[in-house]
Amino acid sequence: MEHVTSELFVGRQRELEQFESLLTPAAGMTVLSVHTQGDGGIGKTQLLRRMQQICAARPEEVAFTRELIDFYHTESRSRMGVMSQIAVNLGLRHFPDFAGCVRQYQDTADASKREELLAQVQEVFRRNYQAFSEKMARSGKVIALFFDTYEVIQNVDPLSRDAEIEVTRFSHWLESHLFPCLSDNTRLIISGRYPVQELDCARFRVIELNLAHFSLADTVALWKHCFAVETDAALKERGFLGGTDLEAALGAMAAHARSKPARALDLDADGVATLGG
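Just so we're clear, the structure is a prediction, and the values are computed from it rather than from any experiment.

### A closer look at the packing of aromatic side chains
At step 1: Overall, the coordinates contain 12 aromatic pairs when judged by the stated rule.
At step 2: Residues Phe71 and Phe147 carry aromatic rings whose centres are separated by 6.0 Å and whose planes lie at 10° to one another, so their mutual orientation is stacked. Here the residue Phe71 occupies a position in the loop between β3 (69–70) and α3 (79–90), and Phe147 occupies one in strand β4 (residues 142–148), the gap between them amounting to 76 residues.
At step 3: Using a relative accessible area of 0% as the deciding quantity, one classes Phe71 as buried.
At step 4: Taking the relative accessible area as the measure of exposure, Phe147 reaches 0% and is therefore buried.
At step 5: An angle of 70° between the planes, with centres 6.5 Å apart, marks the rings of Phe95 and Phe98 as edge-to-face.
At step 6: With relative accessibility at 0%, the residue Phe95 sits in the buried group.

### A few points about helix α2 (residues 44–56)
At step 1: The end-to-end C-alpha distance of α2, which contains 13 residues, comes to 19 Å, matching closely the 18 Å that a straight helix rising 1.5 Å per residue would cover.
At step 2: Those residues of α2 lying buried are Lys44, Leu47, Leu48, Met51, Gln52, Ile54 and Cys55. All buried residues of α2 fall inside an arc of 155° around its axis, so they share one side.
At step 3: Those residues of α2 that are buried lie in contact with α1 (13–20), β1 (30–35), β2 (62–64), β4 and β7 (186–191).

### Re the pattern of salt bridges
Pairing between side chains becomes possible if they bear opposite charge and their charged atoms approach one another.
At step 1: Within this structure, the stated rule accounts for eight salt bridges.
At step 2: Taking the shortest distance from any N to any O, the salt bridge between Arg127 and Glu123 comes out at 3.8 Å. Highlighted residues: Arg127 and Glu123, both in helix α5 (residues 111–138), separated by four residues, approximately one helical turn.
At step 3: With relative accessibility at 32%, the residue Glu123 sits in the partly exposed group.

### Regarding the confidence of the model for the protein chain
At step 1: For the protein chain, the mean per-residue pLDDT works out to 80, and 73% of the residues sit at or above 70.
At step 2: Taken together, the stretch residues 262–277 has pLDDT below 50 and engages in 29 contacts with residues farther than four places along the chain or on a different chain.

### Re unusual backbone geometry
At step 1: Phi is positive for Thr149, close to 55°, though the residue is something other than glycine.
At step 2: By relative accessible area, which is 13% here, Thr149 ends up buried.

### Things to note about the nonpolar core
At step 1: Within the largest apolar cluster, 42 residues are counted, with the highest numbers of intra-cluster contacts made by Val82, Phe147, Leu174, Phe179 and Leu188.
At step 2: Per element, the largest residue contribution to this core is eight residues, and it comes from α5.
At step 3: Ranked by size, the runner-up nonpolar core spans 22 residues in total, among them Leu16, Leu32, Leu47 and Cys55.

### Things to note about the side chain of Glu175
At step 1: You can see Glu175 is positioned in helix α6 (residues 169–178).
At step 2: Although buried, Glu175 forms no salt bridge, and the nearest oppositely charged side chain, Arg203, lies 13 Å from it.
At step 3: When near neighbours in sequence (up to four residues on either side) are disregarded, Glu175 contacts Tyr150, Pro180, Val196, Gln197, Glu198 and Leu199.

### Topic: helix α4 (residues 96–106)
At step 1: Inspection of α4 places Phe98, Ala99, Cys101, Val102 and Tyr105 among the buried residues, and these make up the whole buried set. In an axial view of α4, the angular spread of the buried residues amounts to 165°, which keeps them on one side of the axis.

What counts and how
- Residues numbered from 1 in each chain as written.
- Predicted model: local features only at pLDDT ≥ 70, side-chain atom pairs only at ≥ 80, totals over all residues.
- Heavy atoms only, no water.
- Phe/Tyr/Trp six-rings, centres within 6.5 Å; stacked < 30°, edge-to-face > 60°.
- Helix = DSSP H or I, 4+ residues; strand = E, 2+ residues; numbered from the N terminus.
- Buried < 20%, exposed > 50% of the residue type's maximum accessible area, 1.4 Å probe, protein only.
- Expected span 1.5 Å × (residues − 1).
- Arc of directions from axis to C-beta.
- Contact = heavy atoms within 4.5 Å.
- Salt bridge = Lys/Arg side-chain N within 4 Å of Asp/Glu carboxyl O.
- pLDDT = per-residue confidence, 0-100.
- Core = buried A, V, L, I, M, F, W, Y, C linked by side-chain atoms within 4.5 Å.
- Lys, Arg positive; Asp, Glu negative; His and termini not counted.

If you want it as structure tokens, here you go:
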């Protein structure tokens, strides 16, 4: 199957406005939990990427993880992995002690010694992150960390009628240990099919965005973009808004994407650095 990407984004204005309201120091430590109560393919990831574009356009106001920390990928599903990705995406130059500890951890073969080092690495990460956040706060900036596909690290039976969510050791560590040690000018944007479970509401302000399916108005707006028309009448002339030809609509969206290929966000040297370097 051919994979097509596009920069076209339609709808979700309420969600984007909610996100933008958090990009001020006065908003305080906030978790934006973007979920769908189990449904997939509704546009969570694209919404997060749009939020990243908003951050990229406001460099004087926000520092952010320029790549999504995606739990779909196995390298994100460990304490060392998620801390490393945060550091790399914010810029390794801001985490000098942490980078050194990671190299020491990676060079250690003894399992018991690695466990000891892991506790040290976590403390060094906390100190380096705190120093970075204080530097950002002095400049009036907030920090936005983007996490995607959170349901992968939650234990959910997809066949269960009530989709009961069980906390895993890793999600417990994230919500009870890593996230609470972050600074007050941090904004956590966490996307998954299900909401987060163990966040301390006394420590965080948690805002839930339960994404609905695309509305008819947003669908019509998308078709207008794809067919380069401005009115409903023009869409009707093409056979839409009554007896819709879905195959033609999908073909038009693919053609639109090919005509305007997506461009990756510009990354500085820190954004593409690796801890092994």
